[in-house]
Amino acid sequence: MAQLVTVTKEGNVGLLALNSPPVNALAHPLRAELERAFAQALGDPEIAVIVIYCEGRTFIAGADIGELGKEPRRPDVPDVIEFIAAAEKPVVVAMHGTALGGGLELALGCHFRLATGNAKLGFPEVNLGILPGGGGTQRLPRLVGVRRALELVVGGAPITATQAREWGLIDAVIQGEVRPAALEFAEGLLRDRTPLRRASELTAKLEEPGLFEQWEARISEQQRGFIAPLRCLQAIRGAVELPFEQGIELERALFRELVASAQSRAQRHVFFAEREVSRLPGPSDSAPLREVRSVAVIGVGSLGTGIATCFADARIAVTVIDPSRERGLASEETKNADLIVEAVGDDLGLKREVFAMLDKVCKPGAMLATTTSSLDIDRIAEGTARAGDVVGMHFGTPVHAVKLLEIARARRTTPDVWASALKVGKVLGKISVPVIAHPGLAADRMLAQELREAFFLLEEGALPAQVDRVVRDFGFPLGPFAAIDAAGLESVWQYRQQNYGRMTARERSCDLLEKVYALGRLGRQTQAGFHRYGAGGEQAPDPAIEELVVNHSAARGITRRSVTDAEILERCLYAIINEGANVLAEGVVARALDVDMIWIHGYGFPIYRGGPLFYADELGLPHVQRTLVALQARLGAEYWAPAPLIERLIQEGKGFYGAAPSAPAAA
Ligand code: T1G
């Protein structure tokens, strides 16, 4: 293995090169080596200036996320940074790639900062439910002011080197390779005898009074439910109100609180799951992935154009083809495309026609994708002589806004086509999730259970506004009824029509949806559904609907009772979890993380709860099981029989994620 840190000398400049692929994360071995090499450079009388830079594709991308939440090992990230900051010899850092989190904090601890023109600098800790814990919340506002510090730390998005230069975060943007540029800069310092500058010795400026209060209000609106953004703000406030050392202590205390929090555990789980999800479950196939350099999208509707825009944004050559035009499907673009994405109306006959035609014109090895979520992809594929090349790519709508992209394997899809389509999704910036049955199935089934309970709760005594408030307070962007209004009642109406034969007697007679639909209240599009909507889109409860609900209960002979918030949450949530276990056991998806990614990126499950199955593990499966059994005793076995998978996992002492379940918590 190559050395983690190499020290070389050029005249009186000592250069420390870090080399820990893939992203130079500050894991313990690298920290220990860096500290050792830095001490060596400090003790070397020939070295007057020290340079730190990285080999490989990027400067340090932060602390090692896998170590967070574990017992810290000395030297910890802050130890190394404070050691460097305290040096009496000037320290120059040169960054390239993505200098993030603890990496950027290390740079702030150095005395001079350089970055290449295409470097990105940022503090993404907030996305992991934590805050910069290596002095970043104290040094950054001293360098760039409070407003920009809040933007970077609370917002979590990186900035460019040019912007960093304008803000005073770095001293210069460098051209070419980092090593020679940093060496030249260091020699300049020696020549000019420039004294070293420590960020800790500056004063953090609050540009205007009331800034923190403004940001608090913004956070509660835009990052509702997340704890970390508020703690980030609190730490930055410390930089204004406290001396440096006390500010650092405050930062450490807040960091320790956050890193041990359930939210951060969930957000770290999501970080790794987002990366794991697009790798094929099971043993990998050795067939190389197919290259996708040019794409043809068949269909000129909003779906087709939305998908084409996505490819164009990812700088992949794409053409939109109108299948109704003469020679449309047989055009040169279709013949040459590596990937053809069919986005015509959801009609099996039409799609089979399109695929039969594509089969004739497309080049060998091209991948043929259908966007259907409800049709049987095998039926679409069987009309071609290349069923192995056919795969499902189900985009959410609106295409640009929904991150979930389900990549569906049909019976004959080859593993390399499945894996290649997953990779395409990643290039598009989507979270691509491999699904085995038809796309939409896992989520539809889980959603159907939640909606069933939401409607039962209405006829038992709750009202739409209460149910929505409870589900929203849990962290979903919308409660179930506001979500139906947003999607349009039509889609749920259709779902019920299609599944009528499979519904129980109680589900059929709980026909509130049909009743509201019959009034022509189709949701937001008609400014009325389960709620009513003002011209500006403001939502309000509607007495007409409340009357309809009350009358419905009376007609069904149900005596309405007061329903607690706790009951609403329990029934909506456990319905999702229990069906999630069934979907997993039946192999609709292969892994618990597939379910969680589908719910987070397609259905608004709060990221800070990690997805329904991660959340179930956090509650502890024995607790989940007891709750399901209690619901079954109260509400009947028809809907509440605990999923056999949950029972099996408990017997094996496991959770959905394999490890032993955490200590049972209260729901
Ligand atoms: N720790 C551990 N592993 C990491 C990692 C990290 N910080 N960053 C990336 N990886 C792994 C990742 O899991 C994947 O592994 C591989 O590297 C390539 O990543 C004290 C507390 C740097 C922009 O949050 O944003 O500093 O899946 O597929 O698309 O305040 O990774 O191949 O096995 O994402 O080119 C703050 C997180 C940490 C940065 C590269 N830093 N990383 O993107 O590749 S907390 C972050 C990223 C902290 C201090 C604190 C991106 C990237 P595998 P990738 P990419």
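Shown above is the structure to which this text applies.
Residues numbered from 1 in each chain as written. Predicted model: local features only at pLDDT ≥ 70, side-chain atom pairs only at ≥ 80, totals over all residues. Heavy atoms only, no water.

Colleague: Help me out: how do you make sense of a positive patch on the surface in this one?
Modeller: Where like charges cluster on the molecular surface, the positive patch consists of R57, R275, K403, K423 and K426. With respect to the helices and strands, the residue K423 is situated in helix α16 (residues 415-427). Among the residues examined, K423 registers a relative accessible area of 46% and is labelled partly exposed. (Patch = residues over 30% accessible without salt bridge, like charges linked within 9 Å, V, L, I, M, F, W, Y side chains within 5 Å. Areas by Shrake-Rupley, 256 points an atom, 1.4 Å probe, with all protein chains shown as cover. Salt bridge = Lys/Arg side-chain N within 4 Å of Asp/Glu carboxyl O. Lys, Arg positive; Asp, Glu negative; His and termini not counted. Charge placed at Lys NZ, Arg CZ, Asp CG, Glu CD. Helix = DSSP H or I, 4+ residues; strand = E, 2+ residues; numbered from the N terminus. Buried < 20%, exposed > 50% of the residue type's maximum accessible area, 1.4 Å probe, protein only.)

Colleague: Would you take a moment to explain the packing of helix α27 (residues 621-635) against helix α29 (residues 644-651) for this structure?
Modeller: To describe two helices that pack against each other, one gives the angle between their axes and the distance between the axes. Where α27 contacts α29, the axes come no closer than 10 Å and their chain directions differ by 140°. What the angle tells us is that α27 and α29 run oblique. The interaxial crossing formed by α27 with α29 has left-handed handedness. In contact with L621, P622, V624, Q625 and L628 of α27, α29 contributes I646, E647, L649 and I650. Among the residues forming the contact of α27 with α29, the class breakdown is seven nonpolar, one polar and one charged. (Axes fitted to C-alpha atoms, helices over the stretch in contact; angles between N-to-C directions. Parallel < 35°, antiparallel > 145°, perpendicular 65-115°, else oblique. Left-handed = near helix turned anticlockwise from the far one by under 90°. Contact = heavy atoms within 4.5 Å. Nonpolar A, V, L, I, M, F, W, Y, C, P; charged D, E, K, R; others polar.)

Colleague: What am I meant to see in the pattern of salt bridges here?
Modeller: Opposite charge on two side chains permits pairing when their charged atoms draw close. On inspection of all chains with the given rule, the structure shows 48 salt bridges. For E291, the salt bridge goes to R293, with nearest N and O atoms at 4.0 Å. Considered together, E291 and R293 belong to a single accessibility category, that of exposed residues. Among the ionic pairs, E652 bridges to K654, the shortest N-O distance being 3.4 Å. E652 gets classed as partly exposed once you look at its relative accessible area, which sits at 41%. Here the residues in one salt-bridge network are R452, E453, E459, E460, R506, R556, R561, E567, R571 and R634, joined through shared partners.

Colleague: Looking at this structure, how should I read the sheet that holds strand β3 (residues 49-54)?
Modeller: Sheets are built from strands paired through backbone hydrogen bonds, the pairs being either parallel or antiparallel. The sheet built from six strands is open, its strands ordered β1-β2-β3-β4-β6-β9 with mixed pairing. Each having just a single partner strand, β1 (5-10) and β9 (172-174) make up the two edges of the open sheet. Strand-to-strand twist in this sheet, taken as the mean axis angle between neighbours without regard to direction, amounts to 25°. Of the strand pairs in this sheet, β1 and strand β2 (residues 13-18) are connected by six bridges, and their pairing is antiparallel. Its bridge partner being in β2, V5 is matched across the sheet by L18. (Pairing = 2+ DSSP bridges.)

Colleague: Looking at this structure, how should I read the sheet that holds strand β7 (residues 120-122)?
Modeller: With respect to topology, three strands assemble into an open sheet ordered β5-β7-β8, the strand pairing being mixed. The open sheet has two edge strands, β5 (98-100) and β8 (159-160), and neither has a second partner. As defined by bridge partners, β5 adjoins β7 across three bridges and the pair is classed as parallel. Considered in β7, the bridge of L100 is made with G122. Contacts from helix α3 (residues 102-109) reach β5 and β7, with the element oriented near 80° to β5.

Colleague: Explain the packing of aromatic side chains here, please?
Modeller: In this structure the tally under the stated criterion is 16 aromatic pairs. Relative to Y657, the ring of F614 has its centre 6.2 Å away and its plane inclined at 65°; by these criteria the two rings are edge-to-face. In this pair, F614 sits in helix α26 (residues 612-619) while Y657 sits in the segment after α29, placing the two residues 43 residues apart along the sequence. Under the relative-accessibility criterion, Y657 is labelled partly exposed at 28%. Joined through ring pairs, the aromatic side chains of F474, F476, W599, Y603, F605 and Y615 make up one cluster. Lying over the aromatic face of W418, R409 brings its terminal NZ or CZ to 5.1 Å of the ring centre. Here the basic side chain of R452 rests over the ring of W640, its NZ or CZ set 5.9 Å away from the ring centre. (Phe/Tyr/Trp six-rings, centres within 6.5 Å; stacked < 30°, edge-to-face > 60°. Lys NZ or Arg CZ within 6 Å of the ring centre and 35° of its normal.)

Colleague: Where do I start with the site of the ligand in this structure?
Modeller: Not every one of the 27 residues close to the ligand is listed here, only the nearest: R57, G102, E105, E125 and R275. A distance of 2.7 Å separates an oxygen atom of the ligand from a polar side-chain atom of E125. Considering the ligand on its own, with 1,000 Å² of exposed area, one finds that the protein chains cover 75% of that surface. In terms of residue count, the dominant contributor to the shell around the ligand is helix α11 (residues 262-276) (three residues). Across the shell around the ligand, the residue classes break down as 15 nonpolar, five polar and seven charged. (Near = heavy atom within 4 Å. Polar contact = N/O pair within 3.5 Å; in protein donor to acceptor, adjacent residues only side chain to side chain.)

Colleague: Please explain helix α4 (residues 136-144) as it appears in this structure.
Modeller: Three- or four-residue spacings in an α-helix give side chains the same orientation, since the helix completes a turn every 3.6 residues. Burial analysis of α4 places nine of its nine residues in the buried class, which makes it a mostly covered element. At the C-terminal side of α4, G145 shows a positive phi close to 90°.

Colleague: Quick question: what am I supposed to make of unusual backbone geometry here?
Modeller: In most cases, non-glycine residues show a negative phi, while peptide bonds are predominantly trans. Following P21, the chain continues into P22 via a peptide bond in cis, with omega recorded as 0°. Mapped onto the elements, P22 comes out in the loop between β2 and α1 (28-43). A positive phi is found at N24, a non-glycine position, where the angle reads about 55°. Along the chain, N24 turns up in the loop between β2 and α1.

Colleague: Even after reading the chapter, I still don't get the packing of α4 against helix α10 (residues 244-259), so can you show me in this structure?
Modeller: Running from amino to carboxyl end, α4 crosses α10 at an angle of 130°, the nearest separation of the two axes being 8 Å. Taken together, the axes of α4 and α10 lie oblique to each other. Contact residues: α4 offers G136, T137, Q138, R139 and R142, while α10 offers F244, G247, I248 and E251. Classifying every residue of the contact of α4 with α10 gives two nonpolar, four polar and three charged.

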